[in-house]
Amino acid sequence: MNFIDEFRDKNTLLALKTLIEKEAKKPLNIMEICGGHTHSIMKYALSELLPKEINFIHGPGCPVCVMPRSRIDTALKLAAQDGVIFCTLGDLLRVRGSELSLQELRARGADVRALYSPLEVLQIAAENADKKIIFFAIGFETTTPMSALLLEKILEQELKNVYFFSNHITVPAAVETIMSDEAVKIDAFLGPSHVSVITGYEIFTPLAQKFQTPIAVSGFEPVDIMEGVLDVVRQCNEGRAEVFNQYSRAVSAGGNERAKNLVARYFKPCDFEFRGLGVILNSGLELREEFADLDARKHFDCEVVSKKESKACLCPQILRGLAKPYDCKVFGTACTPKNPIGSCMVSGEGACAAYYKYGFRER
């Protein structure tokens, strides 16, 4: 098995399609939490392949998409300071704050660098001992261990010019907030596969039980997603609400204990504001007190006053599962990947970016 071709096999897909058509007895709203699932669903036209009873709803699983404007404005303030090299992921550079984006700030002369790996910070810091290096740490549980490893290396190498602006967040807290909203109508979830490699699939069991909602942790290939859909259809038919581990080739019950322990060593839970979801208790991660010397928020002025989001942009509603990209009046016209108004069009995992890239035909 090469784990690619067999999960894109046409005959397997058509067989799963037939089973789902046979067993989908009522309309089901299935939220795919991760933006990677959204892109696969659109790329392989799974929403059109499946029967009309299956309605995909796009969730808040894109860390760039859910970053609130205030956090972007704080990043801009930090990056604009003299003697600072500001480092972050590429997608984040294009998200606009109240006035401009990090990409535009870089064009004005600020030293803003896009990284492929957080560990690149080590070399940048070593080569620029006279500069202050600020790392915008971002992502769900998938990327947090890399930030923790970077912290460990910084301490080992005794680097004194690196600071963390932590924006790490957690999936279960966001899902619980969505399910607690009476306006949201979700019947089942496709759970995030890469997150689950780290956390383990059992982390979602309390959510499935509390809200009596099936969750299928699925891979990103078409067959993975179809198998996940088939399972939650069967669970709904049988009145079950369990966590199904479709992605068993990579996900275990308990996850990666070494990675989780590394994160727990350097980070602790904190409240965090999600774009579209508001402030969620204990949904973020910040540095523990003993590592305050590395915390950018302890060493720099991070106070900002942010403007409200554009009323034309529906990203907050899309991230809560209350709207789809084609419901937005500026989608594909005023808002495009080259001129994004909302965060869902900026990120490579954003729902709007997926709809724009692969096209959409309403059934």
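Everything below is about the structure printed above this text.
A brief structural summary. From a predicted model like this one, the values you see are computed outputs, not experimental measurements.

## Notes on the overall build of the protein chain
Within the protein chain, the secondary structure is distributed over 16 helices and eleven strands. In terms of overall dimensions, the protein chain is globule-like: its C-alpha atoms have a radius of gyration of 21 Å, near the 21 Å expected for 363 residues. The principal-axis extents of the C-alpha atoms in the protein chain amount to approximately 65 × 45 × 40 Å. Each of the 363 residues in the protein chain was classed as buried or not, and the buried ones make up 56%. Intrachain contacts of the protein chain at a sequence separation of at least 6 include 77% that bridge at least 24 residues. Total accessible area on the protein chain is roughly 16300 Å²; 49% of this is exposed by carbon and sulfur atoms.

## What about the environment of F7?
Tracing the backbone through its elements, the reader meets F7 in the segment before α1 (10-23). In this structure F7 comes out as buried when scored by relative accessible area, which is 10%. In sequence terms F7 and M226 are 219 residues apart; their C-alpha atoms lie 9.9 Å from each other.

## Overview of the pairing of strand β2 (residues 54-61)
For β2, the buried fraction is high: seven of the eight residues fall into the buried class. Relative to β2, strand β1 (residues 28-34) is paired through six bridges, and the arrangement is parallel. Bridge pairing links C34 to G61 in β2.

## Some thoughts on the environment of E6
Structurally, the position occupied by E6 is in the segment before α1. Separated by 215 residues in sequence, E6 and E221 have C-alpha atoms that sit 9.4 Å apart.

## Brief notes about the packing of helix α2 (residues 35-43) against helix α16 (residues 351-358)
The contact between α2 and α16 brings their axes to 9 Å, and the two run at 20 degrees. In terms of orientation, α2 lies roughly parallel with respect to α16. In the packing of α2 onto α16, the handedness of the crossing is right-handed. Along the contact surface, α2 presents T38, H39, M42 and K43, while α16 presents A351, A353, A354, Y355 and Y358. Classifying every residue of the contact of α2 with α16 gives six nonpolar, two polar and one charged.

Reading the values: the criteria
The residue numbering used here restarts from 1 in each chain and proceeds along that chain's sequence as written. Local features in this predicted model are restricted to residues whose pLDDT is 70 or higher, and side-chain atom pairs enter the listing and the counts only when it is 80 or higher, whereas totals over whole chains, interfaces and linings include all residues. For side-chain calculations, the full set of non-hydrogen atoms in the structure is used, while hydrogens and water are omitted. The way it works is that DSSP assigns letters per residue, a run of H or I at least four long becomes a helix, a run of E at least two long becomes a strand, and they are numbered from the N terminus. The globule rule used for comparison is 2.2 Å times the number of residues to the exponent 0.38, while the radius of gyration itself is calculated over C-alpha atoms. Three labels apply to residues, based on accessible area from a 1.4 Å probe with only protein chains included: buried if under 20% of the type maximum, exposed if over 50%, partly exposed otherwise in between. The contact criterion used throughout is that any non-hydrogen atoms of two residues lie within 4.5 Å. Values of accessible area rely on a 1.4 Å probe in the Shrake-Rupley scheme; residue burial ignores everything except the protein chains shown. Between any two strands, pairing holds if DSSP finds at least two bridges. For helices, the axis comes from a line fit to the C-alpha atoms of the stretch in contact; other axes are also lines fit to C-alpha atoms, and the angle between any two N-to-C directions lies between 0 and 180 degrees. Angle categories: roughly parallel below 35 degrees, roughly antiparallel above 145, roughly perpendicular from 65 to 115, and oblique for all the rest. We call a crossing left-handed when the near helix sits turned anticlockwise from the far one by less than a right angle, and right-handed when that turn is clockwise. All amino acids are sorted into three groups, where Ala, Val, Leu, Ile, Met, Phe, Trp, Tyr, Cys and Pro are nonpolar, Asp, Glu, Lys and Arg are charged, and the leftover types, Gly among them, are polar.

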